[in-house]
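Understanding the architecture of this molecule
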Amino acid sequence: MTMESSVVAGSEPTVEPRGFELIEREGLETNLLEVSMGPHHPSTHGVFRMDVKLDGETVTELRPVFGYLHRNHEKLAEDMGYLGSMPFTDRLDYFCSMTNNWAYALAGEKMIDLEVPERAEYVRVIMAELTRLVNHIMLVGFFVNDLGALGTPLLYALREREKILDLFEWASGARMMCNYMRFGGLRNDLPEGWLTKCREVVDAFPYFLDEYEKLLVENEIILVRTQNVGVLKPELAINAGITGPMLRASGVNYDLRKVDAYGVYDRFPFRVPMGEVGDCYDRFMVRILEMRESIKILRQAMDELPEGPIMGEAPRVFKPPAGEIYGRIEGPKGELGFYLVSDGTAKPYRYRVRPPSLVNLTVLEDLCLGHKVADAVVILGSVDIVLGEVDR
Amino acid sequence: MEDPSKSTTSEAHTLSDSVDLDDATRSEMEKAGVIVSSVDWLYNWARSGSVWPLQFGLACCAIEMICSAGSRYDIARFGSEVFRPSPRQADLLIVSGTVTKKMAPQVVRIFNQMPEPKYVIAMGACAISGGPFKQGYNVLKGIDRYIPVDVYIPGCPPRPEAVLHSLMTLQKGIRRQRTLGKGSNNPAYVEGNREYPVPSFSGKDLDPPYNPEVWQPPEKRPNMPEDGCP
């Protein structure tokens, strides 16, 4: 099979690798090699499997296989009361339990038109932005890990993450599975002295970012491995429903914190970083720039945090009227939405999660075609998936 | 680990306990620069200090497992920092997270691929019993239905300190094992290379539902279904 004919019909590579030229080898017969990467593979970010067809080292077809972590989240939620699902949302995207809580609480509050006190809204913003820092710093750590910088950048990221997890643990009682938010507010108020400690962590974070950027952003190997690799065109991104940093890296200005201005986000001036090319490097840089903006929001929120109650007038038994609702927030990975259908009872009739990881993963084949198999690992790393959310 | 009360041999924890020598001979030999020990003691000391875990994450618990390798908890202090991507190079399988019915065959296969002596830690509520997702149709109710588990860590997810504690518990168990002779209780030497049948996933359930060699359903109580799981 020649090089040209080996490209599977119907899936023309949308991305032409720049700098490399496919060499026409007339008369040389090559066989496609099928490789199953995963579900246990050091680079697949959990139990994700990619069935790739390779011509030499070039990816000609990529078929994602998931479901290895399908834990019946939605089905279980339909069998229990509304509030009972709150701790299960922690386990969706286990890096960002706070934002998962918020998205679900937002959907519930929309169902019964519940007012959230101002202090609770501010604390939610603080928690969500801290979560964004945790998620992005871990993403960058794993991403550089995938590029071959084994260990060191990830250890730096883990070190910073621990500081923020301490804050979560102090406020909610758990490091990862916070279960902190409720319909109408928060479970408990911030403990005494929490804000001071939070301020210390947030103030120290830019220095860490400076150090990290100095090490990584202009590193020649990172530039060569990520620039012009896995270019996502804005048209494809919009058509495929990509959201979050991945969409913004392609140059589309769409951030739910600006568009929806849920909570009290309309009170904070912040910028939305955007990429130009939409390659892996842009996706990596957008996350680093977003962390800087998150720090800005955090500082404002902590300065303006009002006193007052943290819980609205939520009913003791959560029994929304029949109807359907879709509540969404800008999670660290993209638009995280909860679609709830109520039949008037205390259990949801339908409970559906709109997972940003899964939707962002749909363009994986388009990004990987024509690249080397080692680049497929990098591209997957830049998409930022968590299998708990992809498979649910 | 095995039950210490059933163990026929005494525990060989210290150098002097391990060999039957009278004190006079021992001190004379030590003066000449000779230390006498048993093969078991030296062998167990060496391998308990370098347990290499498999770099194998399943779900949320995997993140805490990675954290325990990070700088704050630093599993390297206990000789286990070398996370190997290949099961052929690993001694320890940490089942870190929910094992679904689709994933269970792969976990058993990975266990089969590991060389003896091998150990298993079931990390978190899901790996032990299914945890919060136990009622789900796609979740295996405990990995110990298919492979023998040495240490269980409760928690959802367990803290990194708990991971370190489980490793220390495992090391204690390793030091208690006897390799050679009549009292050998090391399954790697008694049973040879342990390989268990890989269950098949039919799209609905696993076949067989458990491995009777490893796990038996608890005694039947009233109101309990046939497969022993309420």
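Data block above holds the structure.
What you are looking at is a predicted structure, and each value in this text was computed from that prediction instead of being measured.

Attention now moves to the overall build of chain B. Along its length, chain B carries seven helices and five strands. Written out in order from the N terminus, the α and β elements of chain B read α-α-α-β-α-β-α-β-α-α-β-β. Summed over its atoms, the accessible surface of chain B is roughly 11,200 Å², and 54% of this surface lies on carbon and sulfur atoms.

Side chains of nonpolar character tend, in soluble globular proteins, to be buried together. Grouped together as the largest cluster of nonpolar side chains are 153 residues, with contacts concentrated most on Met127(A), Leu130(A), Tyr180(A), Phe284(A), Leu364(A) and Leu93(B). For this core, the element with the highest residue contribution is helix 5 (residues 118-147) of chain A, accounting for 17 residues. For Leu130(A), the contacting residues outside a window of four places in its chain are Ile164(A), Leu167(A), Phe168(A), Trp194(A), Cys198(A), Val202(A) and Leu298(A). If you look at the next biggest cluster of nonpolar residues, it comprises 19 residues, including Val51(B), Ile75(B), Val163(B) and Ile174(B).

Listed as interface residues are 35 residues of chain B and, on the opposing side, 30 residues of chain A. Buried area between chain B and chain A, both sides added, is near 2,900 Å², and the carbon and sulfur share of it is 65%. It is Ile63(B), Lys102(B) and Phe133(B) in chain B that bury the most area against chain A; as a group they hold 20% of the surface buried on that side. Put simply, chain B and chain A have four salt bridges between them. Along the contact surface separating chain B from chain A lie 13 residue pairs in polar contact (both at pLDDT 80 or more). Looking at the side of chain B that touches chain A, its residues break down into 21 nonpolar, ten polar and four charged.

This part covers the side chain of Lys101(B). All names here are of chain B. Within the secondary structure layout, Lys101 lies in the loop between strand 1 (92-96) and helix 4 (104-113). Judged by relative accessible area, which is 9%, Lys101 ranks as buried. Side chain to side chain, Lys101 and Asp205 meet in a polar contact 3.3 Å long. If we ignore the near neighbours within four places in the chain, the residues touching Lys101 are Tyr137, Asn138, Val139, Leu140, Phe201, Lys204, Asp205 and Leu206.

This part covers the side chain of Asn101(A). Residue and element names in this part refer to chain A. Tracing the backbone through its elements, the reader meets Asn101 in helix 4 (residues 97-112). Within polar-contact distance, the side chain of Asn101 engages the side chain of Asp90 at 2.9 Å. Among all residues touching Asn101, those that are not within four sequence positions of it are Met86, Thr89, Asp90, Cys178, Asn179, Tyr180 and Met181.

The next point concerns the pairing of strand 1 of chain B. All names here are of chain B. The element strand 1 is extensively covered by neighbouring structure, given that five of its five residues are classed as buried. Neither face of strand 1 is exposed, since Leu92, Ile94 and Ser96 on one face and Leu93 and Val95 on the opposite face are all buried. Strand direction decides the pairing type here: strand 1 and strand 2 (residues 119-123), joined by five bridges, are parallel. Along strand 2, the bridge assignment pairs Ser96 with Met123. On the question of chirality, the crossover connecting strand 1 to the parallel strand 2 by way of helix 4 is right-handed.

This part takes up the sheet that holds strand 3 (residues 58-65) of chain A. Residues and elements named next belong to chain A. Taken together, three strands build an open sheet; the order of strands is 1-2-3 and the sheet is antiparallel. The strands lining the two open edges of the sheet, one partner per strand, are strand 1 (33-37) and strand 3. When strand polarity is set aside, the average angle formed by the axes of neighbouring strands in this sheet is 20 degrees.

As for its placement among the helices and strands, Tyr94(A) is situated in the loop between helix 3 (86-90) and helix 4. Using a relative accessible area of 5% as the deciding quantity, one classes Tyr94(A) as buried. Sequence separation of Tyr94(A) and Met176(A) is 82 residues, and the distance between their C-alpha atoms is 6.8 Å. Beyond its immediate chain neighbours, meaning those up to four positions away, Tyr94(A) contacts Arg71(A), Met176(A), Met177(A), Val386(A), Leu387(A), Gly388(A), Ala59(B), Cys60(B) and Ile63(B).

In this section: the sheet that holds strand 3 (residues 151-153) of chain B. Residue and element names in this part refer to chain B. With parallel pairing, the three strands of this open sheet are ordered in space as 1-2-3. Among the strands making up the open sheet, the edge pair consists of strand 1 and strand 3. Between one strand axis and the next, the sheet turns through 15 degrees on average, direction left out of account. Here strand 2 runs beside strand 3; their pairing, made up of three bridges, is parallel.

This part is about the pattern of salt bridges. All names here are of chain A. Using the criterion set out here, one finds 41 salt bridges over all chains in the structure. Glu61 is the partner of Lys53 in a salt bridge, and the nearest nitrogen-oxygen pair spans 3.4 Å. Residue class for Lys53 comes out partly exposed when judged on its relative accessible area of 24%. Residue Arg119 pairs with Glu307 through a salt bridge whose shortest N-O separation is 3.9 Å. Taken together, the residues span a long stretch of sequence, with Arg119 in helix 5 and Glu307 in the loop between helix 12 (280-304) and strand 6 (323-331) at a distance of 188 residues. Accessibility expressed as a relative area gives 71% for Glu307, which makes it exposed. Here the salt bridges do not stand alone but share partners, grouping Glu129, Arg132, Arg248, Asp255, Arg257, Glu290 and Glu330 into one network.

So, how was this worked out
The written sequence of each chain sets the order in which its residues are numbered from 1. Chains and ligands are labelled sequentially in the order written, the chains with letters from A and the ligands with numbers from 1. Under the rules for a predicted model, residues below a pLDDT of 70 receive no local features and side-chain atom pairs below 80 are neither given nor counted, while totals for whole chains, interfaces and linings still include all residues. Based on all heavy atoms of the structure, the side-chain values leave hydrogens and waters out of the count. To qualify as a helix, a DSSP run of H or I must reach at least 4 residues; to qualify as a strand, a run of E must reach at least 2; elements of each kind are numbered from the N terminus. Here, Shrake-Rupley sampling with a 1.4 Å probe gives the accessible areas, and only protein chains in the shown set may cover a residue. Buried Ala, Val, Leu, Ile, Met, Phe, Trp, Tyr and Cys residues that are joined via side-chain atoms within 4.5 Å together make up what is termed a nonpolar core. Partly exposed residues are those whose accessible area sits between 20% and 50% of the maximum for their type, while under 20% is buried and over 50% is exposed, using a 1.4 Å probe and protein chains only. For this analysis, residues touch if any pair of their heavy atoms sits within 4.5 Å. Summed over both partners, the accessible surface that disappears when two parts come together, traced with a 1.4 Å probe, is what is meant by buried area. We define a salt bridge as a contact between a side-chain nitrogen of Lys or Arg and a carboxyl oxygen of Asp or Glu at a distance within 4 Å. A 3.5 Å cut-off defines polar contacts: any pair of N or O atoms within that distance qualifies, except that in protein one atom must be a possible hydrogen donor and the other a possible acceptor, and neighbouring residues in sequence count only when both atoms are side-chain atoms. Three classes are used: nonpolar for Ala, Val, Leu, Ile, Met, Phe, Trp, Tyr, Cys and Pro, charged for Asp, Glu, Lys and Arg, and polar for all others, with Gly counted as polar. DSSP-based pairing: two strands are paired if at least 2 bridges between them are found. Classification remark: right-handed applies to a crossover when, strands pointing away from the viewer, the course from the first strand over the helix to the second runs clockwise. Each axis is a line fitted through C-alpha atoms, taken for helices only over the stretch in contact, and angles between the N-to-C directions span 0 to 180 degrees.

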